[in-house]
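# Overview (structure and organization)
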Protein chains: 2
Amino acid sequence: MPPDKNKLLIISTNAEKYLAIFRDHNLPDLQISATADSAEALDLCSHSNIIFGDPDLIKPLLNHAAKLEWMQSTWAGVEPLLGPTCRTDYLLTGVKGIFGPLISEYVLCHMLVHEKKVIERYESQKSLRWNDMKPGTLRGKSVGIMGVGSIGADIARSAKHFGMITNGYTRKDSSCRYIDTYFHEGRFDKFVTQLEYLVCVLPNTPSTSNLIDWPVFKAMPKNAVLINVGRGSTIDESSLVKALWEGEIAGAVLDVFKEEPLPPEHSLWGAPNITITSHTAGPTFPEGVAPVFIRNYLKFIRQESLDYLIDFKRQY
Amino acid sequence: MPPDKNKLLIISTNAEKYLAIFRDHNLPDLQISATADSAEALDLCSHSNIIFGDPDLIKPLLNHAAKLEWMQSTWAGVEPLLGPTCRTDYLLTGVKGIFGPLISEYVLCHMLVHEKKVIERYESQKSLRWNDMKPGTLRGKSVGIMGVGSIGADIARSAKHFGMITNGYTRKDSSCRYIDTYFHEGRFDKFVTQLEYLVCVLPNTPSTSNLIDWPVFKAMPKNAVLINVGRGSTIDESSLVKALWEGEIAGAVLDVFKEEPLPPEHSLWGAPNITITSHTAGPTFPEGVAPVFIRNYLKFIRQESLDYLIDFKRQY
């Protein structure tokens, strides 16, 4: 084996699947090891200049990967690898473009479930009761999307498909053509008062921590529903529980939490009008993620700049 | 009042709402009475040359409306007014174009509920159980749409939005650009074997009666889900119950039934993997239906041909 050959370690719960896909592609100058086991990975990582895998499994290896040049995450979010004590002397790339359609399905699903009263009807059906309570429609309703990156843009596109009014909240960007009206920093108060659905797609950064707190719930219309598909850190969870009990908002659909799995004793479980979906909105499909690595690997060996590079300072 | 003035009777559960909308529009040469009461309508109808309303409420008046020239239904389907014993000496118009987006929301809602395992997760949540069972996606799945009129076309458009493969079953027509592959009469067997979702949007006619029967359920893939938003008469209900119990198909979402409300003792209630939505998929919103009447009335007084005329022979 020539000494300049790249050495890739795959460390993922889907390691076998990724290995098979990468082998099928005959990637040039690449020697691959793959494991789903952390202990085994610890032995292998010291020789690898490239790591591909699940950030939670990679985290304990990070300081042992002496030759690491580039790490490709299988997740959109890479929080386990960020923070003041984490090394930053390598290229870290995330995944974009594949979670948008999936998360958009999730968001539209839960907005439609709310409009069509699916759960109420399910409960009626159990008691053999014909329930012809009139459903609502998404047409003409407003959705406020916090964070309009590739995922937020896809949610906006689906919302427009169903005739909704779309508002976007971003720092500065206003480039998505599926957003009817943009709100930027300083106009957050205004943004949260004009919506029937508030969809959070924000990454976990110091500036988004507990951004959705009690004053926000007070400002939101009482018929509004919160949907969080970003990160659990964005929501002040105890204020949300209070807001649901006091009817400040009409419901919440949460996919992400400060602590996961959400502990059984957590007060969110018992809050009214809450839907808890256990971090399943944007599942990783190896068939979707593998092409991101393959494209980036071909760029890596040509010394081109990689797609979806994480900025360690901005943390996304 | 000049004798040539048109006399409209509104007979609908939403009579007051329609009356207010039509009055706001100051329709020319039109005298309007409105009621939600059948007995009162019986008195009023003999003077009316135009009736606008709900077909079930109009049915008992039909033979008493001696001066009837035109009847505009508030429903898409007009079955109560069709049949060998019903009069056909007047213009009968239905409603199109407004139910498509609503029924499309309903169909996408229930396909997404199935993919995202909303009901299973709801049950897990009740027992405080974190359920991160992987969801499915609509992307790449096949939907077969039976009946590709304005409603079927809108369902196809939404299915394409989510990256589905769309097959359409029609008598002859193949004009909808959102249908990837058309199947026509004689190829029904083929049509039902290639889908994950079978969506029925068929009207109630002799040729659609019990069209979805035991051999169809046997031919459908075992992972397929039936969604019926057309008419209850299309489904052989006892075969459906058997197919669900025996796992011939994965589920059924039914909005319409041979008898409505579905009687509490009906075997459909207890069938596994069934969702019963009590004829709510295409609710009538007066704000949507009123403009259809208004446009047609302006055509009527100009003696132009009316939109959405029902062909009494074809029964739709």
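Fair warning: this is a prediction, and the values are worked out from it, not measured in the lab.

Looking now at the relation of the copies chain A and chain B. Here chain A sits on chain B after a turn of 180 degrees about the axis and a move of 0.0 Å along it, with an RMSD of 0.1 Å. The operation mapping one copy onto its partner corresponds to a two-fold rotation axis. The rotation axis passes nearest to the C-alpha of Cys109(A) in chain A, at a distance of 2.9 Å. When the interface residues of chain A are mapped onto chain B, 100% of them are again interface residues, pointing to one common binding face.

Residue and element names in this part refer to chain A. Split into domains, chain A comes out as domain 1 (6–97 + 285–301) and domain 2 (100–276). Summarising the inter-unit geometry, the C-alpha centres of domain 1 and domain 2 are found 33 Å apart. Both faces considered, domain 1 and domain 2 share a buried interface measuring about 430 Å² in area, 54% of it formed by carbon and sulfur atoms. One salt bridge connects Glu 79 with Arg 231, and the closest N-O pair in it is separated by 2.4 Å. Counting across the domain 1 and domain 2 interface gives one residue pair in polar contact (both at pLDDT 80 or more).

Contact geometry for helix H4 (residues 99–116) of chain A and helix H4 (residues 99–116) of chain B: axes closest at 9 Å, N-to-C directions at 115 degrees. As for the relative orientation of H4(A) and H4(B), their crossing is left-handed in sense. Between H4(A) and H4(B), the contacting residues are Leu102(A), Glu105(A), Tyr106(A), Leu108(A), Cys109(A), Leu112(A), Val113(A) and Lys116(A) on the first element and Leu102(B), Glu105(B), Tyr106(B), Leu108(B), Cys109(B), Leu112(B), Val113(B) and Lys116(B) on the second. Counted by class, the contact of H4(A) with H4(B) contains 12 nonpolar, no polar and four charged residues.

Okay, the interface of chain A and chain B next. Taken residue by residue, the interface counts 51 residues in chain A and 51 residues in chain B. With both chains or domains summed, chain A and chain B bury close to 4400 Å², and 66% of this area falls on carbon and sulfur atoms. The interface formed by chain A and chain B includes four salt bridges. Residues Lys126(B) and Glu123(A) are paired through a salt bridge, measuring 2.8 Å at the closest nitrogen-oxygen approach. Taken together, the connections running from chain A to chain B amount to 22 residue pairs in polar contact (both at pLDDT 80 or more). Mapped by element, the contributors of at least two residues to the side of chain A that touches chain B are H4, helix H5 (118–126), helix H6 (150–161) and strand S12 (274–276) of chain A. The element best represented in the side of chain A that touches chain B is H4(A), accounting for 11 residues. The residue inventory of the side of chain A that touches chain B, partitioned by class, reads 26 nonpolar, 14 polar and 11 charged.

Residues and elements named next belong to chain A. Strands sit in the order S8-S7-S6-S9-S10-S11-S12 across an open sheet of seven strands; the sheet is parallel. Looking at the sheet topology across the chains shown, the edges are occupied by strand S8 (181–183) and S12. Within this sheet the neighbouring strands show an average axis-to-axis angle of 15 degrees, counted without direction. Across three bridges, strand S7 (residues 165–169) lies against S8 in parallel orientation. Looking at S8, one finds that Asn 167 is bridged to Thr 181.

Tracing the backbone shows Val113(B) in helix H4. Sequence separation between Val113(B) and Gly136(B) is 23 residues, and the spatial gap between their C-alpha atoms is 9.9 Å. Contacts of Val113(B), omitting those with residues within four sequence positions, involve Cys109(A), Val113(A), Val118(A), Val118(B) and Ile119(B).

This part is about the pairing of strand S10 (residues 225–228) of chain B. Residues and elements named next belong to chain B. In S10, alternate side chains face the same way, and those of Val 225 and Ile 227 on one face and Leu 226 and Asn 228 on the other are all buried. Judged from the four bridges that link them, strand S9 (residues 197–200) and S10 form a sheet pairing that is parallel. Along S10, the bridge assignment pairs Leu 198 with Leu 226. With helix H8 (residues 214–219) bridging S9 and the parallel S10, this β-α-β connection has right-handed handedness. By the bridge criterion, four bridges tie S10 to strand S11 (residues 251–254) in an arrangement that is parallel. Looking at S11, one finds that Leu 226 is bridged to Ala 252. For the segment spanning S10, helix H9 (residues 237–245) and S11, crossover handedness is right-handed.

Side-chain pairs of opposite charge can arise whenever the charged atoms involved come near each other. Considering all chains together, one arrives at 24 salt bridges over all chains under this definition. A salt bridge links Glu105(A) to Lys116(B), with the nearest nitrogen and oxygen atoms 2.8 Å apart. Here Glu105(A), found in helix H4, pairs with Lys116(B), found in helix H4, and the two come from separate chains. Of the two residues, Glu105(A) and Lys116(B), both sit in the buried class. With a shortest N-O distance of 2.8 Å, Arg302(A) and Glu304(A) are connected by a salt bridge. A relative accessible area of 37% places Glu304(A) in the partly exposed class.

Our focus in this paragraph is H4(A). Residue and element names in this part refer to chain A. The end-to-end C-alpha distance of H4 is 25 Å, a good match for the 26 Å that 18 residues give at a rise of 1.5 Å each. Within H4, 17 of the 18 residues are buried, leaving the element largely enclosed by the surrounding structure. Lys 117 occupies a position one or two residues after H4 and carries a positive phi of about 55 degrees.

A few words on the sheet that holds strand S1 (residues 6–11) of chain B. Residue and element names in this part refer to chain B. If you walk across this open sheet you meet the five strands as S2-S1-S3-S4-S5, and the pairing is parallel. Of all strands in the sheet, those with a lone pairing partner are strand S2 (30–35) and strand S5 (91–93), marking the two edges. With strand direction ignored, the average angle separating the axes of adjacent strands in the sheet is 15 degrees. In terms of strand pairing, strand S3 (residues 50–53) meets strand S4 (residues 70–73) through four bridges, oriented parallel. The partner of Ile 51 across the bridge, within S4, is Met 71.

Attention now moves to the environment of Ser150(B). Residue and element names in this part refer to chain B. As for its position among the elements, Ser 150 is in helix H6 (residues 150–161). For Ser 150, a relative accessible area of 36% gives the class partly exposed. Once the C-alpha coordinates of Ser 150 and Gly 97 are considered, the two residues, 53 residues apart in sequence, prove to be 6.2 Å apart. Setting aside chain neighbours within four positions, we find Ser 150 in contact with Lys 96 and Gly 97.

Conventions adopted
Residues numbered from 1 in each chain as written. Chains lettered and ligands numbered in written order. Predicted model: local features only at pLDDT ≥ 70, side-chain atom pairs only at ≥ 80, totals over all residues. Heavy atoms only, no water. Least-squares fit on C-alpha atoms with pLDDT ≥ 70 in both. Contact = heavy atoms within 4.5 Å. Domains from an automatic or database assignment. Buried area = accessible area lost by both parts, 1.4 Å probe. Salt bridge = Lys/Arg side-chain N within 4 Å of Asp/Glu carboxyl O. Polar contact = N/O pair within 3.5 Å; in protein donor to acceptor, adjacent residues only side chain to side chain. Axes fitted to C-alpha atoms, helices over the stretch in contact; angles between N-to-C directions. Helix = DSSP H or I, 4+ residues; strand = E, 2+ residues; numbered from the N terminus. Left-handed = near helix turned anticlockwise from the far one by under 90°. Nonpolar A, V, L, I, M, F, W, Y, C, P; charged D, E, K, R; others polar. Pairing = 2+ DSSP bridges. Buried < 20%, exposed > 50% of the residue type's maximum accessible area, 1.4 Å probe, protein only. Right-handed = clockwise from strand over helix to strand, strands pointing away. Expected span 1.5 Å × (residues − 1).

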